[in-house]
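# Survey of secondary and tertiary structure
Below are the chains, spelled out letter by letter.
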Amino acid sequence: MGDPLAAARRLAPRFAGRAAGYDRDGAFPVDDFADLRAEGLFGLMVPAHLGGFGAGFTDYASVAFELARGNGATALVFNMHASVTGALAGIPEEMARSLGVPDEFFAARDEILKAAARGAFYAVAMSERGAGSRLSKLSTEYVRDGDDYLIKGTKSFVSGSGQADAYLVAARSSDDPQTVSQFLVPATSPGIRIEETWDSLGMRATCSHDLHLDVRIPRTSLLGGVEGLALWFAQLMPHWLVASYAAVYVGVAQSAIEACVAHVSGRGVAELPWVRSRLGRADAAVAAARLAVEQAARMVDSDPGGQDTNRWVWRAKLLAGTTAAEVAASMLEAAGTSATRRGNPLERLYRDARCGSLQPATSDVCADWLGIAALGGDPDSDGSAPRW
Ligand SMILES: Cc1cc2nc3c(=O)[nH]c(=O)nc-3n(C[C@H](O)[C@H](O)[C@H](O)COP(=O)(O)OP(=O)(O)OC[C@H]3O[C@@H](n4cnc5c(N)ncnc54)[C@H](O)[C@@H]3O)c2cc1C
């Protein structure tokens, strides 16, 4: 197999060349996704014996950073796919079996991963209007009906909707509302409808539309094979719900620096001391955020879900989100009004970068958890709102 990082570096300039058009039209980056598929990158997190690259979280973070330097929206949708495949590949088998996860789940999981290595692409349909991504507040419901499950509800902000081969759907049991489960719902299931609602400030090409579900799916679509494992997944692998975005937004911030350098160099204002100073501060801030993402990623690989790991995960997410927004704003100010025209890379990057702090866990939520930990409390139970 090839080198996924080299492939990402090769693809990024192509993505950058197409980014303005997709952003302008709010259109899904179909050509970028064709490139990702052709390079086999949908198999990035798939173990080698199932046909993938067998990447770890550190490898993922490096690839995501490079892809985001090309187009943040493409990298963000890719992140959703990597989260599904990475989380499935990372399930500790012994622990899962002790929870009663049946053998048939492992066989079904391997089929999902093999399909990804062959080019299937998965999206995440967790969030809902009013509930955000808080699993404990979801209104989408499921009920068991013989050998099938019936799922009914509406999801919002589903990146890659209308393009994915299947959706990871989180829903609560209508028999027992405390039980939250996840299903992989094939996009071809009768009863799926996409409502094109995504006309947002930034990350416009993610096509994060609403997804209406009124579907019947086979029992084997239940992830984990046992109901009620959604919170277990979230607690075991918070990095796929929190830190995986971080690498994307650091890549967006790096791209803002590069766009600013190109802009000011072409206009003869690069020698102005305040322009240089803004570039210097941005360089230091992005390098620091990148180091935090790398440190978090290494800890995820060595001790996933550990207390110290999670603190690094929250630090990385917080630093990436705030750094991206601050750096992009500063680079736009250094470049001047001409860079605010539609179609200028900095104008798009400024809007895309604004989304980093808003994605869960938001910067405020990460700061809250870190603050509780700094005060000696337990972020799992002492937070101002339920973690999930
Ligand atoms: C570009 C983009 C792409 C996305 N793609 C997807 C996707 O593919 N799939 C998907 O499922 N979702 C996706 N989302 C949605 C995202 O995961 C969140 O669910 C969504 O942004 C939350 O919506 P909200 O901010 O409107 O609501 P809320 O989560 O309700 O947040 C509102 C405010 O409340 C605060 N808040 C929220 N939770 C807590 C808490 N526990 N403690 C304290 N304060 C809290 C927040 O900081 C925020 O200021 C995407 C979002 C963006 C911006």
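Residues numbered from 1 in each chain as written. Predicted model: local features only at pLDDT ≥ 70, side-chain atom pairs only at ≥ 80, totals over all residues. Heavy atoms only, no water.

The chain goes by Acyl-CoA dehydrogenase family protein in an unreviewed UniProt entry, where it is assigned to Rugosimonospora acidiphila. Taken verbatim from the UniProt record of the chain, the Cofactor (unreviewed entry) comment is "FAD". The record in UniProt for the chain states the following under Sequence similarities (unreviewed entry): "Belongs to the acyl-CoA dehydrogenase family." (UniProt positions renumbered as here; feature names shortened; annotations may be inferred.)

### Quick word on the packing of aromatic side chains
Tallied over the full model, the rule gives 14 aromatic pairs. Aromatic side chains F33 and F121 sit 5.0 Å apart centroid to centroid with 45° between the ring planes, which places their arrangement in the tilted category. Of this pair, F33 sits in helix α2 (residues 30–38) while F121 is found in the loop between α6 (103–117) and β1 (122–125), placing the two residues 88 residues apart along the sequence. Overall, the relative accessible area of 3% leaves F33 in the buried class. Here F57 and W240 contribute two aromatic rings whose centre-to-centre distance is 4.8 Å and whose plane-to-plane angle is 70°, an arrangement assigned as edge-to-face. Remark: W240 occurs in helix α8 (residues 238–241) and F57 occurs in helix α3 (residues 57–70); sequence separation between them is 183 residues. (Phe/Tyr/Trp six-rings, centres within 6.5 Å; stacked < 30°, edge-to-face > 60°. Helix = DSSP H or I, 4+ residues; strand = E, 2+ residues; numbered from the N terminus. Buried < 20%, exposed > 50% of the residue type's maximum accessible area, 1.4 Å probe, protein only.)

### A word on the pattern of salt bridges
Oppositely charged side chains can pair when the atoms bearing their charge come close. Enumeration according to the criterion identifies 27 salt bridges in this entry. Across the pair D145 and R216 runs a salt bridge whose closest N-O atoms are separated by 2.8 Å. Of this pair, D145 sits in strand β2 (residues 141–145) while R216 sits in strand β7 (residues 209–218), and the two are 71 residues apart along the sequence. The partly exposed category is assigned to D145, whose relative accessible area is 34%. In this structure, R351 and E347 form a salt bridge, with 2.7 Å as the shortest nitrogen-oxygen distance. Taken together, the residues span about one helical turn, with R351 and E347 both in helix α12 (residues 345–354) at a distance of four residues. Each member of the pair R351 and E347 is classed as buried. One network of salt bridges, with partners in common, ties together E93, R97, D103, R109 and D110. (Salt bridge = Lys/Arg side-chain N within 4 Å of Asp/Glu carboxyl O.)

### What to know about unusual backbone geometry
With an omega of -15°, the peptide bond running from P360 to A361 counts as cis. Positive phi is not limited to glycine here, since F157 has a value of about 55°. With respect to the secondary-structure elements, F157 resides in strand β3 (residues 148–158). One non-glycine residue, M203, adopts positive backbone phi at about 50°.

### Notes on the pairing of β1
Look at any regular strand and the pattern is simple: side chains alternate between the two faces of the sheet. A two-sided burial pattern is seen for β1, the buried positions comprising Y122 and V124 on one face and A123 and A125 on the other. With four bridges connecting them, β1 and strand β4 (residues 166–173) associate as parallel partners. Note on β4: the bridge partner recorded for A125 is V169. (Pairing = 2+ DSSP bridges.)

### Some thoughts on the site of the ligand
Around the ligand, a shell composed of 21 residues is seen, among which S127, R134, F157, S159 and T362 lie nearest. In isolation the ligand exposes 970 Å². Once the protein is present, 73% of that is buried. Looking at which domains feed residues into the shell around the ligand, each of domain 2 (123–226) and domain 3 (237–374) gives three or more. (Near = heavy atom within 4 Å. Areas by Shrake-Rupley, 256 points an atom, 1.4 Å probe, with all protein chains shown as cover. Domains from an automatic or database assignment.)

### Some details on the domain arrangement of the chain
In terms of domains, the chain is made up of domain 1 (4–121), domain 2 (123–226) and domain 3 (237–374). Here the C-alpha centre of domain 2 lies 19 Å away from the C-alpha centre of domain 1. Counting residues at the interface gives 26 residues for domain 1, matched by 21 residues for domain 2. It is F28, V84 and F121 that lose the most area in domain 1 upon contact with domain 2, and together they represent 27% of the buried surface on that side. In this structure, the connection of domain 1 to domain 2 is made through two salt bridges. The salt bridge partner of E104 is R219, with a shortest N-O separation of 3.2 Å. In this assembly, domain 1 and domain 2 are joined by three residue pairs in polar contact (both at pLDDT 80 or more). The set of elements that each furnish at least two residues to the side of domain 1 that touches domain 2 consists of α1 (4–25), α2, α4 (72–89) and α6. Per-element accounting of the side of domain 1 that touches domain 2 gives the leading share, seven residues, to α4. Taken together, the residues that form the side of domain 1 that touches domain 2 break down as 18 nonpolar, four polar and four charged. (Contact = heavy atoms within 4.5 Å. Buried area = accessible area lost by both parts, 1.4 Å probe. Polar contact = N/O pair within 3.5 Å; in protein donor to acceptor, adjacent residues only side chain to side chain. Nonpolar A, V, L, I, M, F, W, Y, C, P; charged D, E, K, R; others polar.)

### Here's the deal with helix α13 (residues 363–374)
With 12 residues, α13 ought to run about 16 Å at 1.5 Å a step, and its terminal C-alpha atoms sit 16 Å apart, in line with that. Structurally, α13 contributes buried residues whose contacts are with α11 (307–335). Within two residues after α13, G376 carries a phi angle of roughly 85°, on the positive side. (Expected span 1.5 Å × (residues − 1).)

### Describing the UniProt feature "domain: Acyl-CoA dehydrogenase/oxidase N-terminal" (unreviewed entry) in the chain
Here the UniProt-annotated "domain: Acyl-CoA dehydrogenase/oxidase N-terminal" (unreviewed entry) positions come out as residues 14–86. A distance of 26 Å separates the end C-alpha atoms of residues 14–86, which is 68% helix and 0% strand.

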